[in-house]
Amino acid sequence: MTKKPSLYFSASQVTMVRLVWMTVAAILALMIIFPLLWMTSISFKTAQDAFSPTLLPASPTFGNFTYVITEVPFVRYMANSLFVSATVTVVALFFHSMAGYALARLRFPGRELIFLAIFSTLLVSLPVIIVPLFIIVRAMGMLNTYAGIIVPSIFNAFGIFLLRQYYLSLPREIEEAAVIDGAGYWRIYWSVILPLSKPILAALAILFFLANWNAFLWPLTVASDQDLWVVQVGIANFKSEYSAAWNYMMAASTIVAIPTLVLFLIFQRQIMDSIKTSGLK
Amino acid sequence: MARVDIDNVVKRYGTVQVVHGVSTAIEDGEFVILVGPSGCGKSTLLRMIAGLEHVSGGTVSIDGEVVNDVAPKDRNIAMVFQNYALYPHMTVAQNMAFSLKLAGVSRQEMQAKVGNAARTLGLETLLDRFPGQLSGGQRQRVAMGRAIVRDPEVFLFDEPLSNLDAKLRVQMRAEIKALHQRLKTTTIYVTHDQVEAMTMADRIVVMRDGIIEQVGTPLDLYDTPANLFVAGFLGSPTMNFIEGRIEGGRFLNDDGVSIAAPGGLPEAPVIAGIRPNLVGLADKGSPFEVLVVEPTGAETQLVLQAGKTQLVALVQGRVALQPGASVGITFDPAGLHLFDRRTGTRLPQMSPS
Ligand SMILES: Nc1ncnc2c1ncn2[C@@H]1O[C@H](COP(=O)(O)OP(=O)(O)O)[C@@H](O)[C@H]1O
Ligand SMILES: [Mg+2]
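Values in this document were obtained by computation on a predicted structure and should not be read as measured data. (Residues numbered from 1 in each chain as written. Chains lettered and ligands numbered in written order. Predicted model: local features only at pLDDT ≥ 70, side-chain atom pairs only at ≥ 80, totals over all residues. Heavy atoms only, no water.)

1. A word on the pairing of strand E17 (residues 309–316) of chain B
Residues and elements named next belong to chain B. Summarising burial for E17: six of the eight residues are buried, a large majority. Summarising the sheet, strand E16 (residues 299–306) and E17 pair through eight bridges and their orientation is antiparallel. Within E17, the position partnered with Thr300 by the bridge is Val315. The antiparallel hairpin formed by E16 and E17 contains two residues in its connecting segment, where Gly307 sits at a positive phi of about 60°. (Buried < 20%, exposed > 50% of the residue type's maximum accessible area, 1.4 Å probe, protein only. Helix = DSSP H or I, 4+ residues; strand = E, 2+ residues; numbered from the N terminus. Pairing = 2+ DSSP bridges.)

In structure tokens, the structure reads:
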């Protein structure tokens, strides 16, 4: 929407269009926010109350939260999730930025082919490869280990792709200046490229962290040992064990959602930037 | 300090050859400018000297030693780029110190060298700023500072002023020249701007389409251009070219131009070149029609036409002429350049001056 007066539409028409767009946006926002509100609402309701159709709990209670935190090793699940997400994020960014840089700048035979191969994995989703992946991880003896949860999550074509595009957009002259100043590849990567990638690395870090924080299928598959459960597996477990403990599930989900909401509020701008730079949505 | 020898240097990108075997020598302490239209291979040649591009054929030598396979950092060169290429995340001081840090220079020495360079370039108060907080001219100075601290044997500049506005460009031109006077470091400077070349260079290398057209001092090239290209490229306003023939010891054309030519030339079709400032107005000259009058105050530029011949004349002072008026034109025979019409090369003639 431009600030300049349009040549083709009158001011009232522009206002109309704007109103329509805002209404559409408001409806979409409501559709996304409503489940969150519902979740929060249920988490304060008692078990009997859980299915009552009111948004405000009749007799609000903290009992669900107390139960989730004290009666179930939920803190342990949180710690697992935190450890797994943080490790994957740090290790992935380190390798992805190196891979992205190499694919953008180093000349070696087969570079385009390798990039294409990496890129094509974007077309394959986890459920498709989960059985062979499981077999490989089992063969490597990593079932029921942190490594088993972490290592397969590190590779991510999206991160490599995004970083490669970003590095292609950096002016080459800066690296050439560094070459003349006497820097080798490693030094250029470490002292010039990495500092320049801070904004995009921050954005990717958030995306990776959130993705792993919310990961469910793979951690469920690879770790049956309850000590290794991550939060999403823990939440899902309320369903099987207590058939319909919706009030507990929602309380747990609310707790789990808090870090992601906080992250989003703090890093809103970087997240938007990363979505814009990638040209993807 | 060092001399640079370029011997039959070729550059190919895949199957496309862009530099076709050029040879030239840059003497110790000399300020040489590579000039030519955009895309003629100046940057490519400079980058081969820097070691940023692989040399496809021939040799580049610095100080008598072939450096084709020597890494850029070991060539004892420093380069200033068109877009400054400063490290955005480092302060001015860190930018200048980066190469010293990599070379393992001690802290005190580093500070001394950076301080010296900053003083030379008037950057003392900016040392803690980041490049993003500097103006274009200041950035370019930092880029030069980064080159100076290395105390190189050869400075390489690739169009360092083309991102600056006209006024700043004139000022930086003088600063770079003064810097060279003081440091006396061998300098190779690339530009597409013939004014920069004329005003700054000890010697100019004119390039076109990957070959060297002519090498010489600015005034040599101005006075005796080897061919039509060099004649038209150097000097502003551009030299006038008039098609005609040599006949009876004179240059003649069908539109009434007649200029005394040096003796001993065969009668043949030629192109005459004459600089606009050597075209004069006189009542009994060849008749021309005035098309455009452009007064600039001190001098007046006229565009003139007779038949198919169009000329630019640059006359001192002001003239009371309107477009459409008729005027007589004379040519200073001492300023007449003659070129073969087929090959475009300068015709051998006795130097008139
Ligand atoms: N990396 C490259 N790959 C292929 N062709 C190139 C490359 N770099 C430059 N060229 C070509 O080489 C020629 C000379 O380029 P350059 O040296 O940059 O010209 P300039 O005189 O303007 O500095 C141009 O035609 C350009 O298209
Ligand atoms: Mg260039």
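Next comes the rest of the write-up.
2. Some words on the pattern of salt bridges
When charged atoms on two side chains of opposite charge get close, those side chains can pair. This structure, assessed with the given rule, holds 15 salt bridges over all chains. Two residues, Lys177(B) and Asp202(B), come together in a salt bridge whose shortest N-O distance is 3.8 Å. Residue Lys177(B) is located in helix H5 (residues 166–183), and its partner Asp202(B) is located in the loop between helix H6 (194–200) and strand E9 (203–208); the two are separated by 25 residues in the primary sequence. Residue classification places Lys177(B) among the buried positions, given a relative accessible area of 18%. If you follow the salt bridges from partner to partner, you end up with Glu176(A), Lys11(B), Arg47(B) and Glu53(B) in one network. (Salt bridge = Lys/Arg side-chain N within 4 Å of Asp/Glu carboxyl O.)

3. Some words on the site of ligand 1
Residues and elements named next belong to chain B. Every residue close to ligand 1 is listed here: Tyr13, Val18, Ser38, Gly39, Cys40, Gly41, Lys42, Ser43 and Thr44. Lys42 has a polar backbone atom sitting 3.0 Å from an oxygen atom of ligand 1. Looking at which element gives the most residues to the shell around ligand 1, the answer is helix H1 (residues 42–50), with three residues. Partitioning the shell around ligand 1 into residue classes produces three nonpolar, five polar and one charged. (Near = heavy atom within 4 Å. Polar contact = N/O pair within 3.5 Å; in protein donor to acceptor, adjacent residues only side chain to side chain. Nonpolar A, V, L, I, M, F, W, Y, C, P; charged D, E, K, R; others polar.)

4. Remarks on the packing of aromatic side chains
For the coordinates displayed, the defined rule picks out 25 aromatic pairs over all chains. Centroid distance Phe209(A) to Trp213(A): 5.8 Å. Interplanar angle 15°. Geometry classified as stacked. Placement of the pair is Phe209(A) and Trp213(A) together in helix H10 (residues 198–213), with a separation of four residues, close to one helical turn. Its relative accessible area of 2% is what places Trp213(A) among the buried residues. Aromatic rings pair up to connect Tyr101(A), Tyr166(A), Tyr167(A), Trp186(A), Tyr189(A) and Trp190(A) into one cluster. Looking at Arg146(B), its charged tip hangs above the ring of Tyr87(B), at a distance of 4.9 Å from the centre. The lysine or arginine in question, Arg275(B), covers the ring of Tyr222(B), its NZ or CZ lying 3.8 Å from the ring centre. (Phe/Tyr/Trp six-rings, centres within 6.5 Å; stacked < 30°, edge-to-face > 60°. Lys NZ or Arg CZ within 6 Å of the ring centre and 35° of its normal.)

5. Here's the deal with the sheet that holds strand E1 (residues 4–13) of chain B
Residues and elements named next belong to chain B. Pairing is antiparallel in the open sheet, where four strands are placed in the order E2-E1-E4-E5. The sheet is open, and its two edges are formed by strand E2 (16–26) and strand E5 (65–66), each paired on a single side. Pairing of strand E4 (residues 57–62) with E5 involves two bridges; the strand directions are antiparallel. Paired with Ser61 across the bridge in E5 is Val66. Relative to E1, H1 is tilted by about 115°, and along the sheet it contacts E1, E2 and E4. (Contact = heavy atoms within 4.5 Å. Axes fitted to C-alpha atoms, helices over the stretch in contact; angles between N-to-C directions.)

6. Observations concerning the side chain of Arg111(A)
Summarising the element assignment, Arg111(A) is placed in helix H4 (residues 111–120). A polar contact is formed between the side chain of Arg111(A) and the side chain of Glu112(A), at a distance of 3.3 Å.

7. A closer look at helix H2 (residues 92–102) of chain B
The set of residues buried in H2(B) consists of Val92(B), Asn95(B), Met96(B), Ala97(B), Phe98(B), Ser99(B) and Leu100(B). On its buried face, H2(B) sits against helix H8 (172–180) and helix H9 (185–196) of chain A together with helix H3 (107–121) and helix H4 (136–148) of chain B. Two residues or fewer past H2(B), Gly104(B) is found with a positive phi of approximately 75°.

8. Structural notes on the pairing of E1(B)
Residues and elements named next belong to chain B. Where E1 lies against E4, five bridges are found, and the strand directions are antiparallel. In the sheet register, Val10 faces E4, and the bridge partner there is Gly57. In the sheet, E1 pairs with E2 via eight bridges, with the strands oriented antiparallel. Residue pairing for E2: Val10 is matched across the bridge by His20.

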